Amino acid sequence: WTLAGDVATTCVAAYNTTFGQQQHGQQHAMLDDDAFPSTSPRFVFGVVVARGALLFVFKILPPIIITLLSSIVVFFLDISQLNTRVGVASSALVAISLLHSSFSSKLPANLDRLTLLDWVFFCSYLISGAIVAHTIVLNRRRQALDRRLDQLHAAVDDARSRK
């Protein structure tokens, strides 16, 4: 983290309040919101901090890239090794989500916008999810092809037995 600057401002805050005001005859009557405006001076001071780019390049990106590259190994495995393929792809998805949790815990809690880190992890989730989905679709296609081949084989055997 590096200090990127500071912010110092002054302002006057106005509050509409009836606290501490005597009401007519000690009765609690409803008063207008602006019946007794109260003002108070305010001084706001803040410090702007920024992460260095080298931290992102050398500490955050390598684990993500290694995890995604290891999940791409799925494409080089035989289609019959479904358990291995789904296990590798799912493990990569879990690893990326744990990395995201670990790195996000080091950020300030009250960020109201997405950071570059969030976008990188979002893209990583999409890639890992696509690999898992591709593996599942490929397995279903293989099962459908196996059923067709079994039907064709049964038809050929039936035709041979009739001769």
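Fair warning: this is a prediction, and the values are worked out from it, not measured in the lab. (Residues numbered from 1 in each chain as written. Predicted model: local features only at pLDDT ≥ 70, side-chain atom pairs only at ≥ 80, totals over all residues. Heavy atoms only, no water.)

A word on the side chain of D118. With respect to the helices, strands and loops of the structure, D118 is situated in helix α3 (residues 116-162). According to the relative accessible area criterion, D118 is buried, its value standing at 18%. Excluding its chain neighbours within four sequence positions, the residues that come into contact with D118 are H100, S104 and R113. (Helix = DSSP H or I, 4+ residues; strand = E, 2+ residues; numbered from the N terminus. Buried < 20%, exposed > 50% of the residue type's maximum accessible area, 1.4 Å probe, protein only. Contact = heavy atoms within 4.5 Å.)

Quick look at the confidence of the model for the protein now. Scored by pLDDT, the protein comes out at a mean of 78, with 83% of its residues at no less than 70. The secondary structure element of the protein with the lowest average pLDDT is strand β1 (residues 2-16), at 75, and the one with the highest is α3, at 87. In the predicted structure, residues 26-34 sits below a pLDDT of 50 and forms 8 contacts with residues beyond four places in sequence or in another chain. (pLDDT = per-residue confidence, 0-100.)

Here we take up the nonpolar core. Grouped together as the largest cluster of nonpolar side chains are 11 residues: F56, I60, I64, L68, I96, L99, F103, L107, L117, V120 and F121. Going through the elements one at a time, α1 (53-72), α2 (82-104) and α3 are the ones with two or more residues in this core. Sort the elements by how many residues they give to this core and α1 lands first, with 4 residues. Ignoring sequence-local partners within four residues, the contact set of I64 consists of L99, V120, F121 and S124. (Core = buried A, V, L, I, M, F, W, Y, C linked by side-chain atoms within 4.5 Å.)

Okay, α2 next. With 23 residues, α2 extends 33 Å between its outermost C-alpha atoms, agreeing within 8% with the 33 Å of an ideal straight helix rising 1.5 Å per residue. Check the buried side of α2 and you find it contacts α1 and α3. (Expected span 1.5 Å × (residues − 1).)

Counted according to the given criterion, the structure contains 2 salt bridges. With a closest N to O distance of 3.2 Å, D146 and R142 form a salt bridge. Within this pair, D146 and its partner R142 are both found in helix α3, separated by 4 residues, close to a single helical turn. As a salt-bridge pair, R162 and D158 come within 3.1 Å of each other at their nearest N and O atoms. In this pair, R162 and D158 both sit in helix α3, 4 residues apart, roughly one turn of the helix. Assessed through its relative accessible area of 68%, R162 is described here as exposed. (Salt bridge = Lys/Arg side-chain N within 4 Å of Asp/Glu carboxyl O.)

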